[in-house]
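Topology and contacts: notes
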Number of protein chains: 2
Amino acid sequence: MPLNQQIVLDNRPQGEATTGNFKLVSRDTPPLEDGQVLVRHHYLSLDPYMRGRMNDGKSYAQPQPLGEVMIGGTVGEVVESRSPKYAAGDKVVGMGGWQEYSVVSADQPGALRKVDTTHVPLSHYLGAVGMPGVTAWYGLVKIIEPQAGQTVVVSAATGAVGSAYGALAKARGLRAVGIAGGPDKCKYAVDELGFDACVDYKLHQDAGSLAKALREACPKGIDGYFENVGGMVLDAVLANMNAHGRIAVCGMIAGYDGRPMPLAYPALILVNRLKVQGFIVGEHMEVWPEALKELGTLVATGKLRPRESIAQGIASAPEAFLGLLKGKNFGKQLVKLI
Amino acid sequence: MPLNQQIVLDNRPQGEATTGNFKLVSRDTPPLEDGQVLVRHHYLSLDPYMRGRMNDGKSYAQPQPLGEVMIGGTVGEVVESRSPKYAAGDKVVGMGGWQEYSVVSADQPGALRKVDTTHVPLSHYLGAVGMPGVTAWYGLVKIIEPQAGQTVVVSAATGAVGSAYGALAKARGLRAVGIAGGPDKCKYAVDELGFDACVDYKLHQDAGSLAKALREACPKGIDGYFENVGGMVLDAVLANMNAHGRIAVCGMIAGYDGRPMPLAYPALILVNRLKVQGFIVGEHMEVWPEALKELGTLVATGKLRPRESIAQGIASAPEAFLGLLKGKNFGKQLVKLI
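These remarks concern the structure in this document. (Residues numbered from 1 in each chain as written. Chains lettered and ligands numbered in written order. Predicted model: local features only at pLDDT ≥ 70, side-chain atom pairs only at ≥ 80, totals over all residues. Heavy atoms only, no water.)

**Let's talk about unusual backbone geometry**
All names here are of chain A. Of note, arginine 273 is a non-glycine position whose phi angle comes to about 50 degrees, a positive value. Checked against the element boundaries, arginine 273 lands in the loop between helix H7 (267-271) and strand S13 (275-278). On the basis of relative accessible area, arginine 273 is assigned to the buried category, the value being 9%. (Helix = DSSP H or I, 4+ residues; strand = E, 2+ residues; numbered from the N terminus. Buried < 20%, exposed > 50% of the residue type's maximum accessible area, 1.4 Å probe, protein only.)

What follows is the structure, given as structure tokens:
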């Protein structure tokens, strides 16, 4: 059996996460038992939620255990099978973790899913046609529930969730406005992702200044907001929300490092009769088929052309992950493992 | 026509509201035109939302104009009518404002409503069987949507909204926990209003300490919270919310004075996948008949025995109102005008 390089969580972050929290180890892959398959990972997905798992505190999921392989979504190819459900050569998406191979019990519900790479590149099943895409879909369709002509905003607009959100919004005839960091990302959001406008938060020192820029980009106010970052950006958006606006809360990257990120004016929730709703898409499996179908069609027809930031080799995963938390990636952050 | 004493808004508060913001004036009531009625007010309702109207900033409603009679709910008796819809002696509820009499166009939709005082005392139509009661009903039934066996919490538990909320929660078989200030209010909440427990926030210096007390009162966590005050109380409740909990936001007394009351850990909205929704009940007139019917029955059958704090005479309204903002009232704050 092949040697398997893995990244394990070695110790928990004190404040900001560092590469020293991780450790690279090599282990033999165990021989397959009946019903198992061996998957060689082509890509590993890096996502902000992983930062939350590194802490020991209360969160929506169990903490990542120390000394075990970091959790993470993967796409790859079945290289050996002792299950009638899969054959060598099958392309699959799963939760293989930060490692080069995984041994998976094929009968475990939801552990693996076969995918078709005829019209959709394999890596996109970790982004636009995977968990981030469905996350954008759920937030927009099920929480924001936009009506024609409304204005919807997303932070981290060029990321995996943001770019899917933009395409889904435009497909519904909405005004889609992004928030991103730096002129390159903002230009890309408008030119390539189809956003009607994009506001560069790095040009603003405080929420008041950012709120003013948002007002120019959203002259009719904001009806729906998909929250990915928290902090100053959320404060600035709140100041522009229309009455009865909806905010889908899915990530608060700015807050994952343990520093509390207070919300300055929660009274605006009352003043504008807002709905602010947190969710994690893994709790809404019933929408996945519908969402994946729409997202796959958008990609296959060129209406959603997600960008990827690709690090090479499993050893590069910790550094790439820390960069993601700081917004250094440009598009969906992946690690290529072959 | 009788002389009418009125309280007008003389100037806007700089920070905390003071009696100097108001002015008492006397004016003759104008002669009635066709279709109008003259109502003599028996009670004026004082409510936290009025503080928001005193500011000039963006809120859910137009600011109270300077020099005009303060807005407010009233119950009273028709003393003269030039409308076929009302006769002298009819008991009515309306928005007569901070004054002894009002002249009302009977055809204006929603301006006046005849009420039956056989089983429900007139003053209760400003509280349990009026806007505050419907507010509690909407928050509990339409936003929190509790399921059997769940725990629901309300701040300002002995106030007009809180006491109705408690009775509505108990009628649905829920665990109802109040938050109130001082041992007298807490004892009253449990002994008279039927709450299962009541936490005295005045015993706690910070959100952490209050959160611990709430945990003891809510051993299964909190599924629904009706937010009336903001600030430290909201932070403490948030720390005890169960996954998929719902928070109805209707008042943030602590924030009305213009001092921002930040929310310390908005990330908890994501961690626990909460829904936080602001509302004002005047935008949901469709629920009023159903809500008023249930509330009237609860009062008529003695299951809801709301307490009232009654100030005497129109001149006492500003002082009573400022006391309400500081939690000095005990039960629904009214001004008796006859």
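**As for the packing of helix H2 (residues 131-144) of chain A against helix H3 (residues 160-171) of chain A**
Residues and elements named next belong to chain A. At a closest axis distance of 8 Å, the pairing of H2 and H3 adopts a crossing angle of 50 degrees. Considering their axes alone, H2 and H3 lie oblique with respect to each other. The element H2 and its partner H3 pack so that their crossing is right-handed. Touching Pro132, Gly133, Thr135, Ala136, Trp137, Leu140 and Ile144 of H2 are Ala160, Val161, Ala164, Tyr165, Leu168 and Ala169, all from H3. Taken together, the residues of the contact of H2 with H3 sort by class into 11 nonpolar, 2 polar and no charged. (Axes fitted to C-alpha atoms, helices over the stretch in contact; angles between N-to-C directions. Parallel < 35°, antiparallel > 145°, perpendicular 65-115°, else oblique. Left-handed = near helix turned anticlockwise from the far one by under 90°. Contact = heavy atoms within 4.5 Å. Nonpolar A, V, L, I, M, F, W, Y, C, P; charged D, E, K, R; others polar.)

**A look at the sheet that holds strand S9 (residues 175-180) of chain B**
Read from one edge of the open sheet, 12 strands run S10(A)-S9(A)-S8(A)-S11(A)-S12(A)-S13(A)-S13(B)-S12(B)-S11(B)-S8(B)-S9(B)-S10(B), paired in mixed fashion. Each edge of the open sheet carries a strand with a single partner, namely strand S10 (197-200) of chain A together with strand S10 (197-200) of chain B. Going from strand to strand, the sheet's axes swing by 15 degrees on average, the running direction of each strand aside. Examined bridge by bridge, strand S8 (residues 151-155) of chain A and strand S9 (residues 175-180) of chain A share 5 bridges and lie parallel to one another. Residue pairing for S9 of chain A: serine 155 of chain A is matched across the bridge by isoleucine 179 of chain A. Here H3 of chain A sits on the sheet and contacts S8, S9 and strand S11 (222-227) of chain A; the angle it forms with S8 of chain A, its principal contact strand, is near 170 degrees. Docked against the sheet, helix H4 (residues 183-191) of chain B engages S9 and S10 of chain B, running at close to 170 degrees with respect to S10 of chain B. (Pairing = 2+ DSSP bridges.)

**Side note on the environment of methionine 131 of chain B**
All names here are of chain B. Position of methionine 131 among the secondary structure elements: in helix H2 (residues 131-144). Methionine 131 sits in the partly exposed class, given a relative accessible area of 28%. Excluding residues within four positions of it along the chain, methionine 131 makes contact with Asp47, Tyr49, Val281 and Trp288.

**Some details on the pattern of salt bridges**
Residue and element names in this part refer to chain B. Scanning the model with the defined rule gives 24 salt bridges over all chains in all. Between lysine 23 and aspartate 10 there is a salt bridge, with the nearest N and O atoms lying 3.8 Å from each other. Placement of lysine 23 in strand S2 (residues 22-28) and of aspartate 10 in the loop between strand S1 (3-9) and S2 is noted, with a sequence separation of 13 residues between them. Since its relative accessible area comes to 36%, aspartate 10 is described here as partly exposed. (Salt bridge = Lys/Arg side-chain N within 4 Å of Asp/Glu carboxyl O.)

**So, the environment of valine 78 of chain B**
Residues and elements named next belong to chain B. Within the secondary structure layout, valine 78 lies in strand S4 (residues 74-81). What makes valine 78 buried here is its relative accessible area of 0%. In this structure the C-alpha to C-alpha distance between valine 78 and alanine 239, which are 161 residues apart in sequence, comes to 50 Å. In this view, valine 78 contacts Val37, Leu38, Val39, Tyr86, Ala87, Ala88, Gly89, Asp90 and Val92; residues no more than four positions away in its chain are not counted.

**Here's the deal with the state of the cysteines**
Residues and elements named next belong to chain A. Scanning the model with the defined rule gives 0 disulfides over all chains in all. Take cysteine 218: it sits in no disulfide, and the sulfur closest to it among the cysteines is that of cysteine 198, at 11 Å. Judged by relative accessible area, cysteine 218 falls into the buried class, the value being 1%. (Disulfide = S-S within 2.5 Å.)

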